[in-house]
Amino acid sequence: MAETETEAVSTSAFKVRPASKPKAEGSRQKAEDSSLSPQSFHGQAERSRLHQLTAELRQLEAKLRQGGGPERIEKQHKQGKLTARERIDLLLDKDSYRREIGLLVAWDQYKEQGAKGKGEREKRKTDGSRQKAEGSEGIDDQIGAAPAAGVVTTIGRVRGREIVVVANDATVKAGSWWPETIKKILRAQEIAMRSHVPIIYLVDSAGVNLPYQGGVFPGQYGASRIFYYNSIMRRYLKVPQISAVMGPCIAGGAYLPALSDIIIMVEGTSFMGLGGANLVKGATGQTIDNETLGGARAHSEISGVAHYRVKNDEEAIAKIREFVTELPVSAGSLRTTRKDGGAPDAGAPAEKIYEIIPEDHRQPYDMRDILECLLDEGHLDEFQADYAKEIITSHASIRGIQVGVIANARGMFRDPAGGAPRFGGIIYTESAEKVAYFVETCNRHHTPLLFIQDVSGFMVGAEAEHSGIIRAGARFVEAMATAIVPKIVLTINHASGAGYYAMAGQGFDPNFIFSWPTGRMGVMEGDSAAQAVFGSELERLRAKGEAPGEELKMEMQQVRETYERDLDAKYAAARGFVDAVIAPEETRDALELAFRVSSNYSGPHLGQFVLPAGLA
């Protein structure tokens, strides 16, 4: 059995055609915000589990993109400021695809409590039951005090060049930093560091969210790590960093723009200082207003800290776009499969995916049907197609970008040697060796890798062990872990056990990791967990000829519900285990942008960043 019962320019050697222009391609979106709305699924939710999960995702995303809500957005506008997402919309190229990273982070972890609305962390019950509010309100109505953890992190394009953006959302607790805010900013910086793409900071933050300072201030990956990354990028990696102070920027947070290459400040709305006017009054007795103390004019005329002073947010954004076009560009491009540099279409429309993914996640389907919807013209140049058929290894292309594809195939596969049939989604000795060889070949040829996960784990049992599966699995893991080419992960169903690790799980630093709403990440399924926890007790009852009592049945059901919740893709996204949960129809857009961002640098990606070899 298996471990579980259930189954643009680049400096790299890669070549890439010019960034694709938005065009009709099935249900392709021009930008992520224009993707299918919940209303567009009316009448379809009953047809497909994937339709229903995608509609729920859209509803949640729409709610989170409202930040602190209409009243706080209006308050921001009355202050003469744009919101974080309005600023990003102005910054990024119109009609170009962008991908928000970590939109779902912390969505289910905080709620408003008390008359004063003090934020308090929502602790999930370990018994797996869904907590209900009074009346008919569910968990979505109780939580959400920290939408997107108060910071918007996005990858997109400015004048056709890939960039990373970090924008504080001042409609959420004045843009203050929660523990998860730090994680999101660090993740955005790591993308910029390993890909060597410019990073833009749109600063509008009141500083640390003090009730949670214990999870923000100290520790190796506390707030200070942000400034460490600032410094590494500035001194050694030469990654362009541009900051626009568009609101408050207080205390230690002021070092983020101070460690950037360029600082812009907005007249009348921005403030930068180690302490605000009230703190100065209490500490020194000096009476002064914030504008005089650390406003745009003070830092551009007196201290010289700021490099540019602009009148409003729009001017600040225009200045940033100008800076990006002035940055030096190196030669190099990704391999393209078409001489004309065009954008090939997929072999089948993305809507077909909703028909392919089965209603029961344990049921088989044809992975090649999925690949036909994702790959250019649906074409596979399959490597060792007749060997170890439970896993697919193939050369292919996505929007003209040549990639190596590793995908788990589901179903049953006949053993040509006459042995027992093999279960798809499980990694056997032969499939591990096949993938290891393929990954090493792609790495030698500088071909980026796409891992499509629907894996239940490695095979176990006497036959598997005697075939040397531990050695083969180790070779698989080593080949994947040490490959220096970009690695992108897409989870479409199961991502279980050690199979998840081998298929470039998050701990192995893939450049990006995405999931469809059907993605399920965990060691095992709920039924398997219930059997593992209560198996001995059930065996004793069977030996006595007795049936499980109601109390035991309830405990087992609670375990199943806990696992169902924790396996959900939204749960993983809330904790940063995936960069984003994406709908099938935006998958090609997301993969193309991820590969283009990743291809800006060809150095080894064996961690979050690697310093130049000559530095030592």
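Look a little higher up for the structure.
Worth saying up front: this structure is predicted, and the values here are computed from it rather than measured.

> When you look at the overall build of the protein chain in this model, what are you seeing that I'm missing?
On a plain count of helices and strands, the protein chain comes out with 21 helices and 22 strands. The buried share of the protein chain, reckoned over its 616 residues, is 56%. Of the roughly 26,000 Å² that the protein chain leaves accessible, carbon and sulfur atoms contribute 52%.

> Please clarify how the packing of helix 5 (residues 179-195) against helix 6 (residues 224-237) should be interpreted in this entry.
What describes two packed helices is the angle between their axes and the distance between those same axes. Two elements in contact, helix 5 and helix 6, have axes whose closest approach is 10 Å; the angle formed by their N-to-C orientations is 15°. Relative to helix 6, the element helix 5 lies roughly parallel. In terms of crossing hand, the pair formed by helix 5 and helix 6 is left-handed. Of the residues in helix 6, those touching helix 5 at Ile182, Ile185, Leu186, Gln189, Glu190, Ala192 and Met193 are Arg225, Ile226, Tyr229, Asn230, Met233 and Leu237. Partitioned by chemical class, the residues of the contact of helix 5 with helix 6 number nine nonpolar, two polar and two charged.

> Explain the pattern of salt bridges to me, please; I cannot follow it from the model alone.
Side-chain pairs of opposite charge can arise whenever the charged atoms involved come near each other. If you walk through the whole model with that rule in mind, you get 35 salt bridges. Measuring nitrogen to oxygen at the nearest pair gives 3.0 Å for the salt bridge that ties aspartate 204 to lysine 81. Residue aspartate 204 is located in strand 6 (residues 199-205), and its partner lysine 81 is located in the loop between helix 2 (70-78) and helix 3 (84-91); the two are separated by 123 residues in the primary sequence. Here glutamate 382 makes a salt bridge to arginine 368, at a shortest N to O gap of 2.7 Å.

> Any chance you could explain unusual backbone geometry here in plain terms?
For residues that are not glycine, phi is negative in most cases, and the peptide bond is trans in most cases. Phi angles above zero are rare outside glycine, and histidine 196 is one such case at about 55°. Relative to the helices and strands, histidine 196 is located in the loop between helix 5 and strand 6. We classify histidine 196 as partly exposed; its relative accessible area is 22%. Look at alanine 504: it is not a glycine, yet its phi comes out positive at around 60°. Positionally, alanine 504 belongs in the loop between helix 17 (497-502) and strand 20 (512-515). Among the residues examined, alanine 504 registers a relative accessible area of 1% and is labelled buried.

> How should I be thinking about the packing of helix 18 (residues 526-544) against helix 19 (residues 550-567) in this particular structure?
Their axes nearest at 8 Å, the elements helix 18 and helix 19 cross at an angle of 160°. By the angle between their directions, the pair helix 18 and helix 19 is classed as roughly antiparallel. The way helix 18 lies across helix 19 gives a crossing that is right-handed. For the pair formed by helix 18 and helix 19, the contact residues are Gly526, Asp527, Ala529, Ala530, Phe534, Glu537, Leu538 and Leu541 on the first element and Leu552, Glu555, Met556, Val559, Arg560, Tyr563 and Leu567 on the second.

> In this structure, what is going on with helix 21 (residues 587-598)? I would like to understand it.
Structurally, the α-helix is built with 3.6 residues per turn, so residues lying three or four positions apart point the same way. Taking 1.5 Å as the rise per residue, helix 21 with twelve residues should run 16 Å; its terminal C-alpha atoms sit 16 Å apart, in good agreement. Among the twelve residues of helix 21, twelve are classified as buried, and the element is accordingly described as predominantly covered. Those residues of helix 21 that fall on the buried side of the exposure criterion are Thr587, Arg588, Asp589, Ala590, Leu591, Glu592, Leu593, Ala594, Phe595, Arg596, Val597 and Ser598.

What counts as what
Residues numbered from 1 in each chain as written. Predicted model: local features only at pLDDT ≥ 70, side-chain atom pairs only at ≥ 80, totals over all residues. Heavy atoms only, no water. Helix = DSSP H or I, 4+ residues; strand = E, 2+ residues; numbered from the N terminus. Buried < 20%, exposed > 50% of the residue type's maximum accessible area, 1.4 Å probe, protein only. Areas by Shrake-Rupley, 256 points an atom, 1.4 Å probe, with all protein chains shown as cover. Axes fitted to C-alpha atoms, helices over the stretch in contact; angles between N-to-C directions. Parallel < 35°, antiparallel > 145°, perpendicular 65-115°, else oblique. Left-handed = near helix turned anticlockwise from the far one by under 90°. Contact = heavy atoms within 4.5 Å. Nonpolar A, V, L, I, M, F, W, Y, C, P; charged D, E, K, R; others polar. Salt bridge = Lys/Arg side-chain N within 4 Å of Asp/Glu carboxyl O. Expected span 1.5 Å × (residues − 1).

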